[in-house]
Amino acid sequence: MFKEYDVIVVGAGHAGCEAAAAAANMGSSVLLVTMNMQTIAQMSCNPAMGGIAKGQIVREIDALGGYSGIVSDKSMVQFRMLNRSKGPAMWSPRSQNDRMLFAAEWRNLLEQTPNVDFWQEMVGGLIVKDGRVGGIVTGMGLEIKAKAVVLTNGTFLNGLIHIGEKNFGGGRAGEKAAHGITEQLVQLGFEAGRMKTGTPPRIDGRSLDYSKMERQDGDEDITTGFSFKNIEKPKKQLSCWMTYTNQTVHDILRTGFDKSPMFSGRIKGLGPRYCPSVEDKIDRFSDKDRHQLFVEPEGWNTVEIYVNGFSTSLPEDVQHKALRQIAGFEHMKMFRPGYAIEYDYFPPTQLNHTLETKLVKNLYFAGQINGTTGYEEAACQGLMAGINAHQAAKELEPVVLSRSEAYIGVLIDDLITKGTEEPYRMFTSRAEYRILLRQDNADLRLTEIGHKIGLADDERYANVQQKKESLKEIRDFFTQNSIDPTELNPILEQAGTSAVTQRAKLDKLITRPQLGIADLRQAKPELDKFLAKYPKDIVESAEIEMKYESYIAKELELVLKMNKLEDVRLDENFNYSELGSLSMEARIKLNKIKPTSLGQASRISGVSPADVAVLMVRLGR
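Residues numbered from 1 in each chain as written. Predicted model: local features only at pLDDT ≥ 70, side-chain atom pairs only at ≥ 80, totals over all residues. Heavy atoms only, no water.

(A) Expanded view of the overall build of the protein. Per the secondary structure count, the protein includes 22 helices and 22 strands. Since a compact globule built from 621 residues should have a radius of gyration of about 25 Å, the 26 Å found for the protein is in line with a globular shape. The principal-axis extents of the C-alpha atoms in the protein amount to approximately 80 × 70 × 55 Å. By residue count, 58% of the 621 residues in the protein fall in the buried class. A sequence separation of at least 24 residues applies to 72% of the contacts in the protein between residues at least 6 apart. For the protein, the computed accessible surface area is about 25,900 Å², with 49% contributed by carbon and sulfur atoms. Here the protein contributes 77 positive and 81 negative side-chain charges, whose respective centroids are spaced 1 Å apart. (Helix = DSSP H or I, 4+ residues; strand = E, 2+ residues; numbered from the N terminus. Rg over C-alpha atoms; globule rule 2.2 N^0.38 Å. Buried < 20%, exposed > 50% of the residue type's maximum accessible area, 1.4 Å probe, protein only. Contact = heavy atoms within 4.5 Å. Areas by Shrake-Rupley, 256 points an atom, 1.4 Å probe, with all protein chains shown as cover. Lys, Arg positive; Asp, Glu negative; His and termini not counted. Charge placed at Lys NZ, Arg CZ, Asp CG, Glu CD.)

Below, the structure written as C-alpha cells:
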C-alpha cells in the first residue's frame, strides 16, 4: 500500500509543515502524517506571527526558502514593525493573522508540492533497528518505511487538558492525545519530561464594548511584511484593542485558586516563564493592581476574539465572572474557556546540531517536543530538521547554522548545549551578534545557503544578488558625493546637531545619530532623485549598514575571535571523567552533552573559563 519514503514527518503543526515542505522541495519523497487533515497548520493559540526576535526568525525561514513568511503575509489582518523607537537590531515584524486563512494557505501550498503525500492517522510507534530509524507504525498497525523520520508532536504526546478540577486527555481542545511514542522512546533510552502551556478564553466580539478600550492600529505603510518575495499586502487592516484587569478581577480569580490545577499540584510540568497564566501573574506580581490585555480579532470573517494575556486554567465559572469585570467586557459572551495542557517533551541535550537524536540515527525532533514554545520557534526547527532529514536520506552533508549566521542557529545551539527545563522562548537578548542578525538582512545572510542546498529558488537568489548590487551602488554614491554647508546647515540646525564649515561627504554625515537619509534627501535634491529608483526597504537597509558600520565591524571581529574556539573540534567519544583537573560539574555536563567544539563546550552551563583552559591544555593549545 505504501512505498518506502525518503522522509516521514509526524505531525502537521508549524514544525511539521515546514519540515515536510523543506524536504519535499529539496527532492525527497515525503509522507506527512497527521491525526486530523482539517487541522493542518492550525494556530492553536494566538492568531499572530512574529514579534520580538520571533519576527527575525520568520524572515530567516523565508530567506532560506521556507513557507511561514509567505503564509503569514497572505493571511495577515494587521502588521506592525515593533521597537521602531530603538536601534535597528531590535526592530521586529509582527502580524495579526486570519486563523482560518492561515491554515488554508498552508494546506494549499503543501497540496501544490508534488513530493508531499498525506496520511490521516495517529502514529503509535517507530520502526527502529540497529540504532537507526526505519519508519513508523500507525495506530491501526500499518508499517510505513522511510529513510528518515521527523517527530513534531507538539502538545499531543500524552496530552492532558486541565480546566479547574477537571482534566481529560487531549492534545488540543476537541482533539485526542497521542500515546505510545513516549513509552517506546523511553525504552530506547531517551529521557522524557513534562511541560505545561495554556491558552485564554475565546470571546464573542459582538458582546464587547470597544469604546471602553484603547485602539491599536497597524502600520500605515507596510513596506516589508515577512517574505522577501514581496507578497501583496492587505489594502485595509483590522484594529486590535487594549484593556486591563483590575483589583476586582484579581479578587474574583483568587476565589478559584483552591480549585486551580496549577496551585493544587495536579499540574507537574513547568509553564512558560515569559507568557504566564493570569492567575500566575496575580500571584507572582501581587503588588500590581492591573495587567495589560490585548483584544485580538481572529480573522476577517469571524466575530471570535482572542484575549491575549488572560491564559488560565481556573474553573470556567470563575473565568466568566472575572472577565465581566474588565472594562468593555461587562456583557461578554464566551465561546470557550481557557485551559492548560500538560504534555511530554524530550530534553534537547539529547540532540545534535542537526536536530538528529544522538541515540537513534536519522530520527529528528522539532518543535515543542524539544521544549520550545511559539509557532516561530517550532517552524524554524521544523525547517532545519526537514533539511537535514533530506540530507541524511540522500547521504549528503548536514546543514548547520551558526550563532553568528542566524537566530535559528542561536535557538538550536541554546537548546542542545544548555537544554531547557521550561518552555524556551527566543529573545533578542539571547543572541551575541544582534547587529548582524537584523530582520532586514536575513536574505543577505541566508538565501545563498538556501539556494546552494536546493531550497531557495533561482528567483530568490537573483533578487539577493540584485539587492547586494543596489546596496553597493547606494554606498558608492554616499562615499563619492558631498554637500555644501549652505544646503546642509539648516537641516543640521533643525536636527539639533552641530553645523559644518566646509563641504561634507554624505557617508560621514549619515553616521550622525541625529541625521537620517530622509534629512539628507531633503538637503540634496540629487540624492533624492538618485534614491527614488530603489525600493524603500533597500534604502532603509543601506542606511542601517552605513550608519552602524563601525558597530558591525566590531561584531564581525568578535565573530572571528569566537570562531577560533568553534574551529577547535572535540572528540565526541572522549571520557571527560579522565580529566581530574576539570570541576566535577564540568565533567558531568561535558559527558552528558558531548560538545563537538571548544566553543560549544564554553557555552555549557557549569563549564567555567578555567575548565575551558584545562581542555585547551589537553588539546595542546
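Still more ground to cover, so stick around.
(B) Looking closely at the side chain of T417. Locating T417 in the fold gives a position in helix 11 (residues 407–418). Residue class for T417 comes out buried when judged on its relative accessible area of 0%. Of note is the side chain of T417, whose polar atom sits 2.8 Å from the backbone oxygen of D413. (Polar contact = N/O pair within 3.5 Å; in protein donor to acceptor, adjacent residues only side chain to side chain.)

(C) Up close: the state of the cysteines. Tallied over the full model, the rule gives zero disulfides. Looking at C17, it has no disulfide partner, and the nearest cysteine sulfur is the one in C380, 15 Å off. (Disulfide = S-S within 2.5 Å.)

(D) Quick look at the packing of helix 2 (residues 54–64) against helix 11. With their axes 9 Å apart at the nearest point, helix 2 and helix 11 run at an angle of 110 degrees to one another. Taken together, helix 2 and helix 11 sit at an angle that is classed as roughly perpendicular. Residues Q56, I57, E60, I61 and L64 of helix 2 touch helix 11, and the partners they reach there are Y407, I408 and L411. Per-class residue counts for the contact of helix 2 with helix 11 are six nonpolar, one polar and one charged. (Axes fitted to C-alpha atoms, helices over the stretch in contact; angles between N-to-C directions. Parallel < 35°, antiparallel > 145°, perpendicular 65-115°, else oblique. Nonpolar A, V, L, I, M, F, W, Y, C, P; charged D, E, K, R; others polar.)

(E) Region of the structure containing the nonpolar core. Residues I8, V149, L151, L363 and M384 are the most contacted members of the largest nonpolar core, which totals 104 residues. Ranked by residue count, the leading element in this core is helix 10 (residues 375–393), at 10 residues. Every residue in contact with L151, bar those within four places of it in the chain, is listed here: V10, L126, I181, L185, L363, Y364, F365, A366 and I369. Counting residues in each nonpolar core, the second largest holds 25 residues, with I483, L520, F530 and M546 among its members. (Core = buried A, V, L, I, M, F, W, Y, C linked by side-chain atoms within 4.5 Å.)

(F) Here's a closer look at unusual backbone geometry. With a phi angle near 75 degrees, L355 is a residue other than glycine that sits in the positive phi range. Along the polypeptide, L355 turns up in the loop between strand 19 (339–345) and strand 20 (363–365).

(G) Layout of the pattern of salt bridges. Taken as a whole and judged by the stated rule, the model has 38 salt bridges. Between D484 and R503 there is a salt bridge, and its shortest N-O distance comes to 3.7 Å. Separated by 19 residues along the polypeptide, D484 in the loop between strand 21 (482–483) and helix 14 (485–495) and R503 in the loop between helix 14 and strand 22 (504–505) bring together distant segments of the chain. The exposure class of R503 is partly exposed, given its relative accessible area of 47%. For R603, the salt bridge is made with E566, and the minimal N-O distance between the two is 2.5 Å. Placement of R603 in the loop between helix 21 (598–602) and helix 22 (609–618) and of E566 in helix 19 (residues 549–566) is noted, with a sequence separation of 37 residues between them. The exposure class of R603 is buried, given its relative accessible area of 15%. Salt bridges sharing partners connect three or more residues here, namely R403, D413, D414, K418, E432, E566 and R603. (Salt bridge = Lys/Arg side-chain N within 4 Å of Asp/Glu carboxyl O.)

(H) Fine view of the packing of aromatic side chains. Tallied over the full model, the rule gives 11 aromatic pairs. Ring geometry for F530 against Y534: centres 5.4 Å apart, planes inclined by 65 degrees, an arrangement best described as edge-to-face. Linked through ring pairs, F190, F346 and F365 together constitute an aromatic cluster. Above the plane of the ring of F228 lies R59, whose end atom (NZ or CZ) is 4.0 Å from the centre. (Phe/Tyr/Trp six-rings, centres within 6.5 Å; stacked < 30°, edge-to-face > 60°. Lys NZ or Arg CZ within 6 Å of the ring centre and 35° of its normal.)

(I) Layout of helix 14. By the burial criterion, the buried members of helix 14 are P485, L488, I491 and L492. All buried residues of helix 14 fall inside an arc of 140 degrees around its axis, so they share one side. Among the exposed residues of helix 14, those oriented more than 90 degrees off its buried face are T486, E493 and Q494. Turning to helix 14, the residues buried within the fold contact strand 21, strand 22, helix 15 (506–509) and helix 16 (517–523). Following helix 14 by one or two positions, G496 adopts a phi angle in the positive range, close to 80 degrees. (Arc of directions from axis to C-beta.)

(J) Molecular detail of the sheet that holds strand 4 (residues 76–82). Spatial ordering of the open sheet is given by 3-5-4, a layout of three strands whose pairing is antiparallel. Each edge of the open sheet carries a strand with a single partner, namely strand 3 (48–50) and strand 4. Within the sheet, the average angular offset between the axes of one strand and its neighbour, ignoring direction, is 15 degrees. In this structure, strand 4 lies alongside strand 5 (residues 92–97), joined through six bridges in antiparallel fashion. Residue pairing across strands places M76 opposite N97, the latter belonging to strand 5. (Pairing = 2+ DSSP bridges.)

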